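Close look at the chain arrangement
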Amino acid sequence: MNLMSLTAVELGKKIKAKEVTVKEAVLAAFDQIEKVEDVYHSYVTLDKEQALKRAEEVQKLIDEGKLDSPLAGVPVAIKDNMCTEGMKTTCSSRILENFYPTYTAEAVLNLEKAGAVILGKTNMDEFAMGSTTETSAYGVTRNPWNENHVPGGSSGGSCSAVAAEECSYSLGSDTGGSIRQPSSFCGVTGIKPTYGTVSRYGLIAYGSSLDQIGPVAKDVTDCATILETIASYDPKDSTSVKREDYDFTSALVDDVKGMRIGIPKSYFGEGLDTEVRDAVLSAAKTLEEKGAIVEEFDLGLVDYAIPAYYVIASAEASSNLARFDGVKYGYRTPDYDGLHNMYKKTRSEGFGAEVKRRIMLGSFVLSSGYYDAYYLKALRTKALIKKEFDKAFEKYDVILGPAAPTTAPEIGKSLSDPIKMYLGDIYTISVNLAGLPGISLPCGRDSKGLPIGLQLIGDCFKEKNIIRAAYAFEQTRTYERCDVAKARD
Amino acid sequence: MKQYETVIGLEVHVELATKTKIFCSCSTEFGGAPNTHTCPVCTGMPGSLPVLNKQVVEYAMAVGLATNCKITQYCKFDRKNYFYPDNPQNYQISQLYLPICRDGKVEIQTENGTKTIGIHEIHMEEDAGKLIHDEWSDCSLVDFNRSGVPLIEIVSEPDMRSAEEVIAYLEKLRMIIQYLGASDCKLNEGSMRADVNLSIREVGAETFGTRTEMKNLNSFKAIARAIENETERQIDLLEAGKEVIQETRRWDDNKEYSYAMRSKEDAQDYRYFPEPDLVPIVISDEWLEEVRQRQPEFRDEKKARYVSEFKLPEYDADIITQYKKMADIFEKATEICKNPKKVSNYLMGETMRLLKEKSMDPDELTFSPENLAKLIGLVDKGVINGNTAKEVFAQIFENDTDPEVYVEEHGLKMDQDEDGLKKIVEEVVAANPQSVEDYKNGKEKAIGFLVGQVMRASRGKANPGMVNQLLKETLSNM
């Protein structure tokens, strides 16, 4: 049996039932990694030795009955912007090429407490800035469905690793769609939780007011289980929220009767690929057939989300990334003349083009004389967008749409036109601006065989609504595995 | 020459006396080996997040209330962006848009009576680390122990007109803050720092002149010297037909000279924006009331109470309450020995004399009220005499010595041996016929000389009352 073909929860059950040892699971993951990693490059850092050591510890705890999490012993991949004590954490940037954190991110700690075994750190767009995983300083990641295409981004490595079965599940982070869009491109499922649900402590910040960590896995059951494990109220993160419900798996119910689903008309206009549109609308039909009440409605301000997002995220990033200066950790230019020259050369050499673009954009919009016109206006726009969603959620339990306007583009086709690339975030970005939860799950493939993602958006703290709708939809189809994954069977 | 007036506003930074830092649980203790009071948060490690120390907000509120400020009940932190190696994140978490306190005032006493100094705002922020330049290895090192120590910045209105007013204002702030226990306000240790914004204008002018900001002022004396120097410099410029340039200057107190650090042209754009890692601070009416209720007894109330409750002269009460430290010693010692007048005498007399002799501030007093009370008790019980008490007090002042132990060890107890003393008295009387003669002739003062001689012969340990009595007896029997 190919252990990597199992979902995380299935594998966890077998481990608990002593049908499979943790070591066997970890070795199976590394077996697949060693087979495909050269081509797909999902990981920046792998640590087999440590993973095997950890496997033994976890096995012991399971045997002693001290671990009963459904994820105990299941191998996981972590996006490389989450701090892992003693394991290199680079954000796929040269500026952190030699950075070993002194502590572990809270979300990762939560996984470790549940007995997760970390295989390594996954590739991403540098500092999570990008939609293709091509801005990584450590090489591009390829889409397991077609190696000439990108996996999406910025959590491209986390999604490709799940699709190529190089791990059982992974963690990603989502600032403007960075979990949902690559999940869509790679044919896997990913959740961006309500802002404040998963602690950001130890997540290397891009846009602090928008960043959220979330799960990427083969199916909705896995995602709900992982989210239940990583979500926590964390006093170390002031934006963390003490929620009333953390029992996301209780929403894994195949029943959408009477659920009100709204489809924003503006999500289906110009720029949307027809094959994507058809697949998403067909998914809506399926849900309607299962008893949901589906109707179209007008969601306002959709066009303002992208400019507002790029102003806010870039502004925060320009400040968040100031600490990477060659003084305390990370890369420092070898030759310099004085402090300012050291700063300048370190940052010029350490950051890639897309990161520099956003730092400059962010510095500009915060400059005196421009602050009101750009940053303040963007914040007001953000508040208005939230109001639009509030209005929509008075009528609907779930908003349904595509996760991205197209399927995965070819490698090398996106970065030359950043504006076009930014416009690709149109369906995901407003969810971050409004702090809402969103899920992306597969709903078909285009004529090139590339996966299409369905996005379901819920009101704040209503993850259960989107989990239930996604689960019900998922019951109508089977999980499609890519050839790279099947090759190991 | 035209008549000029100096216009001064102050920015005062005060390090708050919290146990832990403003955004993490590291110790704020001064000193300590470099980088031992640090964690991922105060060293700006990637992924770390700030969590606000509630005590900082309460201290800021307390200072705001004591300086008649309006408390901003919905306030926020902002990031001030600038690159410098002592600033680990390359931004400082501070407050720009919604500072916690605004529109306050304090009253100071000047030669011309009471004057009100407006307070523009008080905001909370974090301190930076310390750079140490290693000459030996030609490199700079950073110590982040101070990074994240909480500060409040008190920004005055440009209401001061002289160095005296500035000092009076600073003393007033220091007293208020010390009474609150919010800081020890030591200028020389940097727990209170003042930047002086100064401009001059012709007397009667309505608009302000161009101002400069003076930094690195580490004592009241330096502040006074810098103000005089900068006023002269600006007048000289204007008199020579030149302009004052808006700039930041650094005071060198050894050279009594300031030099320009940066002009307005190279002023940085700090690109302030709301700190996204912290949530807004909402101060409820209840919380505000709680802090208000906890406000301590301030100087004026204390002074009045000392006069009414302890019957101290107004003058004594004024001096003792000037420093919280003195007032604390007074109250505690009085509570133990129940003798306010004597405690007051020690503070007003010997304590002040020793402070002056050692050029110390009352802040720097280290002796405990318990030992002072014990000393007073020893005198009251007739264990030691007044002269010995003076000597013992010097020890208490210096080393916080236990007076009972000290008196015992040094054999300073009063001599109560009447026969022994009688012998000394007889010897002294025999040896000083002239004084005896004088006394007999009605010169009462002559007895003083004889008492002194007896005391000296007893090496200061004789009971002065007994000496007096014995002398009189002996003289009248002659």
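Residues numbered from 1 in each chain as written. Chains lettered and ligands numbered in written order. Predicted model: local features only at pLDDT ≥ 70, side-chain atom pairs only at ≥ 80, totals over all residues.

Focus: the overall build of chain A
- Looking only at helices and strands, chain A features 16 helices and 11 strands.
- Taken over the C-alpha trace, chain A has a radius of gyration of 21 Å; the compact-globule value for 489 residues is 23 Å, and the two agree within 12%.
- With respect to the principal axes defined by its C-alpha atoms, chain A has extents near 60 × 55 × 45 Å.
- Burial status across chain A gives 61% buried among its 489 residues. (Helix = DSSP H or I, 4+ residues; strand = E, 2+ residues; numbered from the N terminus. Rg over C-alpha atoms; globule rule 2.2 N^0.38 Å. Buried ≥ 20, exposed ≤ 12 C-beta atoms within 10 Å, placed from the backbone.)

Some words on the sheet that holds strand β2 (residues 70–71) of chain B
Residue and element names in this part refer to chain B.
- In spatial order, the strands read β2-β6-β7-β10-β1-β11-β12-β13-β14; together these 9 strands make up an open sheet with mixed pairing. Since the sheet does not close on itself, it has two edges, and those belong to β2 and β14 (257–263), each with one partner.
- Looking at chain direction, strand β13 (residues 247–252) and β14 are connected through 6 bridges and run antiparallel. Bridging across to β14, Thr-248 finds its partner in Arg-262. (Pairing = 2+ DSSP bridges.)

Topic: the nonpolar core
- Within the largest apolar cluster, 158 residues are counted, with the highest numbers of intra-cluster contacts made by A:Val76, A:Ile261, A:Leu287, A:Val398, A:Ala469 and A:Ala470.
- With near-sequence residues (within four places) excluded, A:Ile261 lies in contact with A:Ala284, A:Leu287, A:Ala292, A:Ile293, A:Val294, A:Tyr396, A:Asp397, A:Val398, A:Leu400 and A:Ala469.
- If you look at the next biggest cluster of nonpolar residues, it comprises 62 residues, including B:Ile8, B:Leu10, B:Ile108 and B:Trp251. (Core = buried A, V, L, I, M, F, W, Y, C linked by C-beta atoms within 7 Å. Contact = placed C-beta atoms within 7 Å.)

A word on the interface of chain A and chain B
- Facing the 31 residues of chain A at the interface are 25 residues of chain B.
- Those elements that provide at least two residues to the side of chain A that touches chain B are α9 (302–320), α10 (339–350) and α11 (353–366) of chain A.
- Element by element, the count of residues in the side of chain A that touches chain B is highest for α9(A), at 3 residues.
- Residues belonging to the side of chain A that touches chain B are distributed by class as follows: 14 nonpolar, 10 polar and 7 charged. (Nonpolar A, V, L, I, M, F, W, Y, C, P; charged D, E, K, R; others polar.)

Brief notes about the pairing of strand β5 (residues 189–192) of chain A
All names here are of chain A.
- Taking every second residue as pointing to the same face, both faces of β5 are buried, with Thr-189 and Ile-191 on one and Gly-190 and Lys-192 on the other.
- Where β5 lies against strand β6 (residues 212–217), 2 bridges are found, and the strand directions are antiparallel. By the bridge assignment, Gly-190 is partnered in β6 with Val-216.
- In the sheet, β5 pairs with strand β10 (residues 438–445) via 3 bridges, with the strands oriented antiparallel. Counterpart to Lys-192 in the pairing with β10 is Gly-438.

Focus on the confidence of the model for chain B
- Confidence in the prediction of chain B, expressed as mean pLDDT, is 92, and 99% of residues score 70 or more.
- Our summary of model confidence lists the complex with pTM equal to 0.89 and ipTM equal to 0.96. (pLDDT = per-residue confidence, 0-100.)

A word on the environment of B:Asn81
- Relative to the elements of secondary structure, B:Asn81 occurs in strand β4 (residues 78–81).
- Taking the number of C-beta atoms within 10 Å as the measure of exposure, B:Asn81 has 22 and is therefore buried.
- Excluding residues that lie within four positions of it along the chain, B:Asn81 makes contacts with A:Ser319, A:Ala322, B:Asn90, B:Tyr91, B:Tyr270 and B:Arg271.

As for the domain arrangement of chain B
Residue and element names in this part refer to chain B.
- The assigned domain composition of chain B is domain 1 (4–286), domain 2 (297–409) and domain 3 (418–476).
- Inter-centroid distance (C-alpha atoms) of domain 1 to domain 2 is 35 Å.
- Contacts between domain 1 and domain 2 engage 7 residues on the former and 5 residues on the latter.
- Sorting elements by how many residues they give to the side of domain 1 that touches domain 2 places helix α2 (residues 163–180) first, with 4 residues.
- Class assignment for the residues of the side of domain 1 that touches domain 2 results in 4 nonpolar, 1 polar and 2 charged. (Domains from an automatic or database assignment.)

Here's the deal with the sheet that holds strand β15 (residues 273–274) of chain B
Residue and element names in this part refer to chain B.
- Strand order across the open sheet formed by 3 strands is β5-β4-β15, with antiparallel pairing between neighbours. The open sheet terminates on both sides in strands that have one partner only, identified here as β5 (91–94) and β15.
- One ladder, built from 4 bridges, connects β4 with β5; its direction is antiparallel. Across the sheet, residue Asp-78 finds its bridge partner in β5, namely Ser-94.

As for unusual backbone geometry
- Omega for the bond connecting A:Gly153 with A:Ser154 falls within 30 degrees of zero, at 10°, which places this linkage in the cis form.
- Here A:Ser154 is to be found in the loop between β3 (117–122) and α5 (156–163).
- Here the phi dihedral of A:His41 falls at roughly 50°; this positive angle occurs in a residue that is not glycine.
- Of note, A:His41 is situated in the loop between α2 (22–40) and β1 (43–46).
- Located in the positive-phi region is B:Asp138, a residue other than glycine, with phi close to 50°.
- The residue B:Asp138 is located in the loop between β8 (130–134) and β9 (139–143) in this model.

Regarding the environment of A:Met1
- Relative to the helices and strands, A:Met1 is located in the segment before α1 (8–16).
- In the structure, A:Met1 is positioned 487 residues away from A:Arg488 in sequence and 9.7 Å away in space, judged by C-alpha atoms.

Points about helix α7 (residues 324–337) of chain B
Residues and elements named next belong to chain B.
- Helix length check: α7 (14 residues) gives 20 Å between terminal C-alpha atoms against 20 Å at 1.5 Å per residue, within 8%.
- Buried residues of α7: Lys-324, Met-326, Ala-327, Ile-329, Phe-330, Ala-333, Thr-334 and Cys-337, and no others.
- In this structure, the buried side of α7 is in contact with α2, α5 (299–310), α6 (314–320), α8 (340–357) and α9 (369–380). (Expected span 1.5 Å × (residues − 1).)

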